[in-house]
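Structure assessment
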Amino acid sequence: MDLEPWSAGASPEVLLCGSFTQVPGPPVEYALTLTTSALYVQRLKGTAGVTEELRHSDCLGSWALRPPPTDPLGYYFTVTTYPPVGRRGRRLELCRTFRAGGSPDPEENRQSAEKWARRITQLAVPDVPTHGGAEYSLLPRPCQLLIFVNPRGGKGTALSLFKEHVLPILSKADIGFNLIVTERPNHARELAREKNLDRFDALVVMSGDGLMYEVVNGLMERPDWSVAIKKPLGILPAGSGNALAASVNHYSGHKQVMNPDLLINCTFYLCKGLVSPLDLVSITTASGKRIFSFLSVAWGFVSDVDIESEKYRMLGPIRFTMGTLVRLAALRTYKGRVSYLPAEQDTASASMTKPGLLDQTSSHSERLSPADQVRQNTLYNFCNSNNMGKAKGCGGQQNGGDILNLEDSLMAPLDQPVPTHWTVVKEENFVLFLAIQQSHLGADLFSAPMVTGLSDNLIHLFYIPAGIPRSSLLKLFLAMENGTHMTHNCPHLIHVPVKAFRIEPFGSKDIITVDGEVIECEPLQGQVHSGLGRLINGGRKS
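Since we're looking at a predicted model, the values are computed, not measured.

**Here we look at the pairing of strand E6 (residues 75-81)**
- Of all seven residues that make up E6, seven are buried, and the element is covered over most of its length.
- Burial of the side chains of E6 extends over both faces: Tyr-75, Phe-77, Val-79 and Thr-81 are buried on one face and Tyr-76, Thr-78 and Thr-80 on the other.
- With six bridges connecting them, strand E5 (residues 59-65) and E6 associate as antiparallel partners. Bridge pairing in E6 places Gly-61 opposite Thr-80.
- Pairing of E6 with strand E9 (residues 94-100), which is carried by seven bridges, proceeds in the antiparallel orientation. Each bridged residue has a counterpart across the sheet, and for Tyr-75 the counterpart in E9 is Ala-100.

Given below as structure tokens:
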């Protein structure tokens, strides 16, 4: 059948051709051509010559359907796609059903419909990248998800958003799930730490970034953490910030959108089931805590805005704009020391600072009590304050390995000066400090446009020393909405790609956040661990 449905030049390989009737409605005949890239649908009468392209990358799958009793001869198959439309690329559902009835034998029609459905579904499966030796994979089909929903996240509409937008798509993709509505702070963390996860193929969070922080750290607190942290994670945005969801959307090559469009995109990615490595940053603190971050560490202006804007939570993402304006009116500086290991530094040949050689100029080492120095005298023996290993002890291996065996090999103990090949920032007065490993700090905060994927093995460090005018800071934050702040060449904004960092606040009342969650204000340091976790996403843009 010579349809000539696509543009001139080399055509994709044609796999199947056939003539079918679209149902329901008037019996209009269509020519279908299935290629390696798309299903082409061409009406044979009336508007003949107009061809519709249904790309496999937008397709959830195809299913063969039994005919109604009134049609003993034909057989049916349906194709469900979510193509992006409009300027913003909003995904809208497009479901097409066709009747196979070209043969007088109903069995042949059944086989034809099933063959088309099976082949379309196979082609809808995303390609699994093989570059770099990273652990890319696909969720199994059928699959079973454990979904955590925070009913208080964002505007408090997560459950209604789930019913309205998520549930219909999961149903069409034939994905099973168990739904848990969290009842209190750290509920998801407790469940991730204690629940038997064997029968679930992935853990999905429907909330903001705070609930994902709970799940990640709950998994890392398990005796079998090294196995548990490889359980694929999924994100469905229903909070105020939604930074991880926005980052996933960006890496997939789609335009920046807000809820509900962002939620539909992420639900679509979840159904496609591509799993990619996810970098995590191991963070250790002066009080002996060890936590894990998938997003950011903030100190100063950014963390103040994040936490102080909680009072505007019911406004949704606009809460951060309100918080920014309020904090700009009362702009302050934060005293402390910042150090980091630049990404281009050859750490393999650089020698670590020897334990016991204290930097007498290090105000932190002077402030540590003898008990703190003893506790931190070994290089990496940090137990998480939230019972990491409490049930089994913090010593021996249990079902996958002791968390202490995950070494932060680039960092010296916090009671020691940083290694000699690190950079120590001369300034001690800052307006903000941000260490981020994803592209977005919020759904409309494109903070790190240079980040290209979930596992770049980099932390992007931004800081602004004291002295920036309020007007310049406001311009930076306004430009951050579309990621153009890096083109302003603002002399106050410093950006450095790093592998590890340390911050030592001199005060004890500043706000420090990890993935948007407040932690105690004290010296801390972090190191990136490439591909430690795994996240369901929409693929990586070329």
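Now that the structure has been shown, the text picks up again.
**Observations regarding the pattern of salt bridges**
- By the definition in use, this model includes 18 salt bridges.
- One salt bridge connects Arg-332 with Asp-510, and the closest N-O pair in it is separated by 3.2 Å. Remark: Asp-510 occurs in the loop between strand E22 (494-505) and strand E23 (512-514) and Arg-332 occurs in the loop between helix H9 (318-329) and strand E18 (334-342); sequence separation between them is 178 residues.
- Asp-510 gets classed as buried once you look at its relative accessible area, which sits at 11%.
- Each of Arg-189, Arg-193, Glu-194 and Glu-221 takes part in one network of salt bridges that share partners.

**A look at unusual backbone geometry**
- A cis amide bond links Val-23 to the next residue, Pro-24, at an omega of -5°.
- Looking at where Pro-24 falls in the secondary structure, it is placed in the loop between strand E1 (14-23) and strand E2 (28-35).
- Despite not being glycine, Asp-174 shows a phi value in the positive range, around 60°.
- By the secondary structure assignment, Asp-174 is in the loop between helix H2 (158-172) and strand E12 (176-181).

**Topic: helix H6 (residues 243-251)**
- Summarising burial for H6: nine of the nine residues are buried, a large majority.
- Turning to H6, its buried residues number three or more, namely Ala-243, Leu-244, Ala-245, Ala-246, Ser-247, Val-248, Asn-249, His-250 and Tyr-251.
- Where the residues of H6 are buried, they touch helix H4 (209-220), strand E14 (233-237), helix H7 (261-272) and strand E25 (524-537).

**Points about the packing of aromatic side chains**
- Here the structure, examined in full by the defined rule, presents eleven aromatic pairs.
- Taking the centre distance of 5.3 Å and the plane angle of 85° together, the rings of Phe-20 and Phe-77 count as edge-to-face. Of the two residues, Phe-20 sits in strand E1 while Phe-77 sits in strand E6, which places them 57 residues apart along the sequence. We note that Phe-20, like Phe-77, is buried.
- Note on Trp-299 and Phe-430: the rings are 5.9 Å apart at their centroids and 50° apart in plane angle, and the pair reads as tilted. With Trp-299 in strand E17 (residues 296-300) and Phe-430 in strand E20 (residues 429-436), this pair connects stretches of sequence that are 131 residues apart. This pair shows no difference in class: Trp-299 is buried, exactly as Phe-430 is.
- These aromatic residues form a ring-pair network of at least three members: Phe-20, Tyr-30, Phe-77, Phe-98 and Trp-116.

**Description of the pairing of E22**
- Judged by how many residues are buried, E22 sits mostly within the fold: nine of twelve residues are covered.
- Of the pairings in the sheet, the one linking E18 to E22 comprises seven bridges and is antiparallel in character. Within the sheet, the bridge partner assigned to Gly-336 lies in E22 and is Pro-505.
- Pairing analysis gives five bridges linking strand E21 (residues 459-465) to E22, with the strands arranged antiparallel. Among the inter-strand pairings, Phe-462 is bridged to a residue of E22, identified as His-495.
- As paired elements, E22 and E25 share four bridges and run antiparallel to each other. Looking at the pairing, Ile-503 lines up with Leu-524 of E25.

**Considering the packing of H6 against H7**
- Running from N to C, H6 and H7 point in directions that differ by 65°, and their axes come no closer than 10 Å. In this view, H6 runs roughly perpendicular relative to H7, as classed from their interaxial angle. H7 is crossed by H6, and the crossing has left-handed handedness. Each of Ala-245, Ala-246, Val-248 and Asn-249 in H6 lies in contact with H7, whose residues at this interface are Leu-262, Asn-265, Cys-266 and Tyr-269.
- Of the residues in the contact of H6 with H7, the class split is six nonpolar, two polar and no charged.

**Considering the packing of H2 against H7**
- Contact geometry for H2 and H7: axes closest at 10 Å, N-to-C directions at 30°. With respect to each other, H2 and H7 are oriented roughly parallel. Relative to H7, H2 is oriented so that their crossing is right-handed. Within the contact between the two elements, H2 uses Leu-161, His-165, Val-166, Ile-169 and Leu-170 and H7 uses Leu-263, Ile-264, Thr-267, Leu-270 and Cys-271.
- Per-class residue counts for the contact of H2 with H7 are eight nonpolar, two polar and no charged.

**Comments concerning the sheet that holds E6**
- Read from one edge to the other, the open sheet built from seven strands follows the order E4-E3-E2-E1-E9-E6-E5, with strand pairing classed as antiparallel. At either end of the open sheet lies a strand with only one pairing partner, and these are strand E4 (51-55) and E5. When strand polarity is set aside, the average angle formed by the axes of neighbouring strands in this sheet is 30°.
- Lying over the sheet, helix H1 (residues 106-124) contacts E1, E2, strand E3 (38-43), E5, E6 and E9, oriented at roughly 165° with respect to E5.

Cut-off values and rules
Residues numbered from 1 in each chain as written. Predicted model: local features only at pLDDT ≥ 70, side-chain atom pairs only at ≥ 80, totals over all residues. Heavy atoms only, no water. Buried < 20%, exposed > 50% of the residue type's maximum accessible area, 1.4 Å probe, protein only. Helix = DSSP H or I, 4+ residues; strand = E, 2+ residues; numbered from the N terminus. Pairing = 2+ DSSP bridges. Salt bridge = Lys/Arg side-chain N within 4 Å of Asp/Glu carboxyl O. Contact = heavy atoms within 4.5 Å. Phe/Tyr/Trp six-rings, centres within 6.5 Å; stacked < 30°, edge-to-face > 60°. Axes fitted to C-alpha atoms, helices over the stretch in contact; angles between N-to-C directions. Parallel < 35°, antiparallel > 145°, perpendicular 65-115°, else oblique. Left-handed = near helix turned anticlockwise from the far one by under 90°. Nonpolar A, V, L, I, M, F, W, Y, C, P; charged D, E, K, R; others polar.

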